[in-house]
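# Working through the structure, step by step
Here is what each chain is made of, one letter per residue.
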Amino acid sequence: MVQEDFISKYINKSDLYLFNTGNASKAWQTLGCHYISDIGMFLFLTWAPHAKSVSVVGSFNHWSSEANPMTAIEGGFWCTFIPNLQYGDLYKYSITAQDGSLHLKADPFAASAECEPEHASKVYIEKDYFWSDNNYLKARSNVNVLASPMSIYEVHIGSWQNISSNKSEIYRSIALPLANYCHRMGFTHVEFLPLNEFPYEGSWGYQTTGYFAVTSRYGTPDDFKYLIDTLHRENIGVILDWVPAHFPKDGYALANFDGTPLYECKEKRMAEHPEWGTLIFDYSLPEVQSFLISSACQLFEVYHVDGVRVDAVSSMLYLDYGRKPGEWTPNKDGNNINYAAVSFLQKFNSTVLTAYPWAFTVAEESTAFPMVTYPPSVGGLGFTFKWDMGFMHDTLDYMSVDPYFRSKCHDKLTFSMMYAFSENFILAFSHDEVVHGKSSMINKMWGEYDVKFSSLRTLYGFVFAHPGKKLIFMGSEFAQFIEWDYQKHLDWLLMDYPRHKQMQLYYKDLNSFYCNHPPMYEIDNSWEGFKWLNVDDNERSCIAFLRLAKDGNQWDYIVCACNFTPVDYEDFQIALPVYGKLTEVLTSNDKKYGGNGKGNLEPVLTDCEPFLDMNYSARIKLPGLSCIYFHFIPMQRRALKNYSAKGISDMGNAERDIG
């Protein structure tokens, strides 16, 4: 058969049409390099609409631009068929632009690539990987992630542990130790910093060049599947950071791919990111939409990931992001919203969450852009979750203040509840908070050594009880003192020191308590699951609140009380909805966590003393720098006063429920 016959038989024109119209979601199955078993040849297919000519050069043809020319076909595509290639053979596209300039480019759709300092794509022959996570996949299809516990362990795979001396074996060597650790610690998910191919180690993966290739620096695509498979077998979900906001200018990658600004914005000053030295995608271009959406879908389809966290969404949404006045071009209405990016994100979320209904998407969005987690049908962006950056900043600012002065900034503890239900939030203390001179989590705490540990335990207890899913960066669960360094492994030697071992145990027990008590997670998105019990006690820098869930006709209650000063309080008053009994079930002040053991050793009964908007209250012991969880059990009384409380639906039936 001649080349033209191969083209008509083995290239699906409908797939190319979908790519050109922005409606392809599995473009990696068509474009790139694919083995055609019928003819024993490899099909190379790329998109370079403005090129004068294109050829495949590689280790198999002495990098000759004349050996394997490509044929132009309708839609701006170029293709050729090459025999006798081997797994791992290196190749690039040699593109001659209309002005005669030559551009050597890696394949944007390659499944594997060389690591720095070289950047060629690799011929990859898809093998049958025998997954063993079927039980996990079946179970996750029935999970409502919004009403389920989610405690995420954020990991930079290259610096978690010194697992192997061979860096290219890390996917496999880290799999079982990481899965076992997360299972033992009670984490529900692992979130990996970006693992799509990237050239510069110091970018931590946030400057992507291979949107369809997992980085080869840690192993092969099959090795990466093994890692995810292993985590799934331990019922640990996998989230991948994914970066559609920008890409590096490296000459071998997407920049000026066919000699023209192809993937990037066409207006030069709007194409370059002023802070990061990178290029911004042209979200209005249908082919860019197909390219990016297919990249995300590949993670779900090929690698079985559970969710993606979309990096730097704010930089996508605003035309003036990182720019000074006069350095940006307004939209058609004269404002700073990037309408094309908004439409793209809506399309991305609609496509992904329709094709993979068990999946979830997370936005790293740091502004007050409205309806990030609302469906596109009502004008939202369509994400499942959004990182709550305001909560993170407020709480860390508060914990850095001398307790003597915390009464002046009490609102940093309580303000989050003014907007807590405006989006579906994840409370994230991520890698970004423990680098670049920001200090580690433990060193952000005010005070001397022991005070820092007491304070961090109190903060973690507050976070786990607060509405929203949870995320912690590796090392913070055992209070690593130094900042994270991507070139070093975590200081696991700290496990030989009591305070760090105690902190790790406390975080483990928090995870367990959180995952096993529905009031802590089941109603994260409305006042139905939360009620303040003491909110304005700024003079003592203490707060208390109620978390609720409903099992049939019965309410289940967990009370959280926090003291952010070193002073013990013997009679801290909290409001309660009905008469009942408080039993302390977890305290950060437990001796096994490094506390002094003070607390409520006996159950506490409510009084018929109104407080706030409730008819009952109780007085508890609240030791200094502590967080205490109580199980609240309503009890029958001969006479109960009528109760109504703003924020707790159906509580009018609570008295009937308890007798």
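This text gives an overview of the structure that appears in the document. (Residues numbered from 1 in each chain as written. Predicted model: local features only at pLDDT ≥ 70, side-chain atom pairs only at ≥ 80, totals over all residues. Heavy atoms only, no water.)

## Thoughts on the sheet that holds strand β9 (residues 151-155)
The condition is simple: In this analysis, strands are considered paired if DSSP registers two or more bridges between them. Only DSSP runs of H or I covering at least 4 residues are called helices, and only runs of E covering at least 2 are called strands; the numbering of each starts at the N terminus. Each axis is a line fitted through C-alpha atoms, and for a helix only the stretch in contact is used; angles between axes span 0 to 180 degrees, taken between their N-to-C directions. Whether two residues touch is decided by their heavy atoms; if any such pair falls within 4.5 Å, the residues are in contact.
Spatial strand order, β9-β10-β13-β16-β17-β18-β19-β20: eight strands in a closed barrel with parallel pairing. Ignoring which end each strand starts from, the neighbouring axes of this sheet average 25° apart. With four bridges connecting them, strand β13 (residues 237-242) and strand β16 (residues 307-310) associate as parallel partners. Bridging from a neighbouring strand, Asp-241 pairs with Arg-309 of β16. Contacting β13, β16 and β17 (360-363), helix α9 (residues 339-355) runs over the sheet at an angle of about 155° to β17. In the packing of helix α10 (residues 389-399) onto the sheet, the strands contacted are β18 (385-387) and β19 (425-429), and the crossing angle to β19 comes to about 40°.

## Quick word on the nonpolar core
Rules: In plain words, nonpolar cores are sets of buried Ala, Val, Leu, Ile, Met, Phe, Trp, Tyr and Cys residues tied together by side-chain atoms within 4.5 Å. Throughout this description, buried means an accessible area under 20% of the type-specific maximum (1.4 Å probe, protein chains only), exposed means over 50%, and partly exposed covers the range between.
Grouped together as the largest cluster of nonpolar side chains are 188 residues, with contacts concentrated most on Phe-44, Tyr-153, Phe-192, Tyr-263 and Tyr-629. It is helix α4 (residues 170-185) that provides the largest number of residues to this core, a total of nine residues. With 28 residues, the next largest nonpolar core counts Trp-555, Tyr-557, Ala-575 and Leu-622 among its residues.

## With respect to the environment of Ser-407
Of note, Ser-407 is situated in the loop between α10 and α11 (411-414). Judged by its relative accessible area of 13%, Ser-407 falls in the buried class. Each C-alpha atom, one on Ser-407 and one on Asp-537, is 8.4 Å from the other, the two residues being 130 residues apart in sequence. Beyond its immediate chain neighbours, meaning those up to four positions away, Ser-407 contacts Asn-538, Glu-539 and Ser-541.

## A short note on the pattern of salt bridges
The criterion, for reference: Only one rule defines a salt bridge in this text: a Lys or Arg side-chain nitrogen within 4 Å of an Asp or Glu carboxyl oxygen.
Counted by the stated rule, this structure contains 29 salt bridges. Salt-bridge contacts for Asp-509 lead to Lys-592; the nearest nitrogen and oxygen are separated by 3.9 Å. Here Asp-509 is found in helix α14 (residues 498-516), whereas its partner Lys-592 is found in the loop between β25 (580-587) and β26 (604-605), with 83 residues between them in sequence. Exposure remark for Asp-509: the relative accessible area of 16% places this residue in the buried category. Among the residues examined, Lys-592 registers a relative accessible area of 44% and is labelled partly exposed. Put simply, Asp-537 and Arg-540 hold a salt bridge, and the shortest N to O gap is 2.9 Å. Beyond isolated ion pairs, a larger network of salt bridges with shared partners links Glu-116, Lys-167, Glu-197, Glu-201 and Arg-217.

## Remarks on the sheet that holds strand β4 (residues 71-73)
Read from one edge to the other, the open sheet built from four strands follows the order β1-β2-β5-β4, with strand pairing classed as antiparallel. At either end of the open sheet lies a strand with only one pairing partner, and these are β1 (32-36) and β4. Each strand of the sheet is rotated relative to its neighbour by a mean of 30°, with strand direction disregarded. Strands in contact with helix α1 (residues 3-10) are β1, β2 (41-47), β4 and β5 (77-83); relative to β5, the strand with the most contacts, it is inclined by about 110°.

## A closer look at the packing of α4 against α14
Rules: For this classification, under 35 degrees means roughly parallel, over 145 means roughly antiparallel, 65 to 115 means roughly perpendicular, and everything else is oblique. Nonpolar residues are Ala, Val, Leu, Ile, Met, Phe, Trp, Tyr, Cys and Pro. Charged residues are Asp, Glu, Lys and Arg, and all others, Gly as well, are polar.
The contact between α4 and α14 brings their axes to 8 Å, and the two run at 70°. On the basis of their axis angle, the class for α4 and α14 is roughly perpendicular. Contact residues: Tyr-181, Arg-184 and Met-185 in α4; Gln-504, Tyr-507, Lys-508 and Asn-511 in α14. Along the lines of polarity and charge, the residues of the contact of α4 with α14 split into three nonpolar, two polar and two charged.

By themselves, these are just geometric observations and shouldn't be taken as functional.
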